[in-house]
Amino acid sequence: MSISNSQVDRGKIGKTPALTNRSDEAFTDFMSDARNFLLHAQWKNMSERGNAILAEKGVVPEATKEGVAKARAAIAEDTYVNTFLRVKRSAQEAYKNRIVGSYLEREAEYLRRLDDAEKRGPGTLTYDKNFIYPEYAMVDIHLQPKGYAGHPLAGMFYDYGTSIFYGGANSEDALHMRIAKETPLPLDGKVTRILEIGCGIGQLACELKRLYPAAEVHATDISAPMVRYGHWRATEQKSEVHFAQMPCEDLDFPDKSFDMVVSHILFHEIPLPVIDRALAEIWRVLRPGGTYTMWDFASTPPGQAPDRGLIGLMDTADNGEPYASAFVSCNIEGRLEKQGFTLRSRVPGNSPMGSRVCDKPA
Ligand SMILES: C[S@@+](CC[C@H](N)C(=O)[O-])C[C@H]1O[C@@H](n2cnc3c(N)ncnc32)[C@H](O)[C@@H]1O
């Protein structure tokens, strides 16, 4: 009797379930290395080259639909920058499709494991099977049909997909560990309850729990597939994190109930009116003297060129990120201050380098 690959459990790579076939893994490993060589290593050169072409043609990179069209027209004749952008987009489509196809070969088994994990701790999981997603959360973000909520295995796709996207740099959640370490405590040093919003698959929340084992850590996300997989992943690590499906603009926690709130690459993925509602919610659930840290893209006041330049502009345009342009031009620091926060520090640049540390006055 022959056993097909889809019947064989190939175990895990670090904290992530392995793909179904060795050939899928070889392909995605190749894509990871190719992206490091063709994209990451060329990023600075291509950025400088693209920005120089725009400057020469008098085009200011504006994060609007018209701005993107103008920038595209300006670089149309440049083979290097265009090839770079083409490779970037096609590579993403190729590895994403391979990962999805590979996991779907064992879909029934993974759905069973997600169900089984719901009965296990040490943490908890809450979600609503009848949750009605707002329209903005059902767009094909990052080229995934219906975004993070479009498939019950979306969390697995994200886990493997981002391991390729980060080109190996997030192995064993190393980037999330670094972010956890660089997320500062409230000024009085007291931390008993921590909340991560837009937690995805809970990588940062689990690292925060590792750093502050005595603290109660909550991880929330609008997508049920993401928190379900996050819970499964956390149970495998024996990490006591409490996952819940919850929009960040409507937090189901009492006023002043957290010492720290943190988000990582959440806000560039939601529309501006929702951002403002979420900032009000963060303010409400933080205690006086509590601290919110936002890790995300750099954002500048409207009318100023975005810090990210041509390649950053095209990255969001080609990567199915419909709200990122508005975010990078929204002066997020101004919005945080308007909400009442005191900005302790701002590190410009893209995550994991970009953070705003915001204190709620005591
Ligand atoms: C780019 S992922 C980041 C996930 C995670 N923080 C990380 O570091 O990998 C953005 C996450 O935000 C979630 N999200 C989008 N809109 C949201 C909302 N209104 N409230 C809470 N989470 C939301 C998505 O479901 C997704 O998991």
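Since we're looking at a predicted model, the values are computed, not measured.

Visitor: Looking at this model, I keep getting lost on empty space enclosed by the protein. Mind explaining?
Guide: Using a probe with the size of a water molecule, rolled over the atoms, empty space left in the structure can be pinpointed. Applying the stated criterion across every chain, the model contains 3 cavities of 30 Å³ or more. As a volume, the largest cavity reaches approximately 60 Å³. Considering the residues around the largest cavity, the lining is formed by Leu85, Lys88, Arg89, Gln92, Met314, Asp315, Asp318 and Asn319. Only α4 (79–104) and α11 (309–318) provide two or more residues apiece to the lining of the largest cavity.

Visitor: Help me out: how do you make sense of helix α8 (residues 203–211) in this one?
Guide: The periodicity of an α-helix, 3.6 residues per turn, causes residues three or four places apart in sequence to face the same way. In terms of residue burial, α8 counts as a mostly covered element, since 7 of its 9 residues are buried. The set of residues buried in α8 consists of Gln203, Leu204, Ala205, Cys206, Glu207, Leu208 and Lys209.

Visitor: Teacher, can you tell me more about the nonpolar core here?
Guide: As a rule of thumb, soluble globular proteins bury nonpolar side chains together. Grouped together as the largest cluster of nonpolar side chains are 54 residues, with contacts concentrated most on Ile197, Val261, Phe267, Leu279, Ile282, Tyr292 and Phe327. By residue number, the principal contributor to this core is helix α10 (residues 272–285), which donates 6 residues. Setting aside residues up to four positions removed in sequence, Leu279 forms contacts with Phe267, Tyr292, Met294, Ile332, Arg335, Leu336, Gln339 and Phe341. Counting 24 residues, the second-largest nonpolar core is a separate cluster that includes Met31, Tyr95, Tyr148 and Met156.

Visitor: Before we go on, may I ask you to explain the site of the ligand in this structure?
Guide: In the vicinity of the ligand there are 22 residues, among which Tyr136, Tyr158, Gly198, Asp221 and His264 approach most closely. In the environment of the ligand, a nitrogen atom lies 3.2 Å from a nitrogen or oxygen atom belonging to the backbone of Ile222. Between a nitrogen atom of the ligand and a main-chain N or O atom of Cys248, the distance comes to 2.8 Å. Here the residues of the shell around the ligand are counted per class, giving 12 nonpolar, 6 polar and 4 charged.

Visitor: For this particular structure, what's the right way to read the domain arrangement of the protein?
Guide: How big an interface is tends to be expressed through the accessible area that disappears when the partners come together. Domains assigned within the protein are domain 1 (5–113) and domain 2 (135–359). On a C-alpha basis, the centroid separation for the pair domain 1 and domain 2 is 21 Å. For the pair domain 1 and domain 2, the summed buried surface comes to about 3700 Å²; carbon and sulfur atoms form 67% of the total. Along the contact surface separating domain 1 from domain 2 lie 5 salt bridges. Measuring nitrogen to oxygen at the nearest pair gives 3.7 Å for the salt bridge that ties Glu172 to Lys15. Across the contact surface, domain 1 and domain 2 share 9 residue pairs in polar contact (both at pLDDT 80 or more).

Thresholds applied
- Residues numbered from 1 in each chain as written.
- Predicted model: local features only at pLDDT ≥ 70, side-chain atom pairs only at ≥ 80, totals over all residues.
- Heavy atoms only, no water.
- 1 Å grid on protein atoms, 1.4 Å probe; cavity = no way out; pocket = protein on both sides within 12 Å on 5 of 7 lines; lining within 4 Å.
- Points joined across faces, edges and corners; volume = space filled by probe spheres on them.
- Helix = DSSP H or I, 4+ residues; strand = E, 2+ residues; numbered from the N terminus.
- Buried < 20%, exposed > 50% of the residue type's maximum accessible area, 1.4 Å probe, protein only.
- Core = buried A, V, L, I, M, F, W, Y, C linked by side-chain atoms within 4.5 Å.
- Contact = heavy atoms within 4.5 Å.
- Near = heavy atom within 4 Å.
- Polar contact = N/O pair within 3.5 Å; in protein donor to acceptor, adjacent residues only side chain to side chain.
- Nonpolar A, V, L, I, M, F, W, Y, C, P; charged D, E, K, R; others polar.
- Domains from an automatic or database assignment.
- Buried area = accessible area lost by both parts, 1.4 Å probe.
- Salt bridge = Lys/Arg side-chain N within 4 Å of Asp/Glu carboxyl O.

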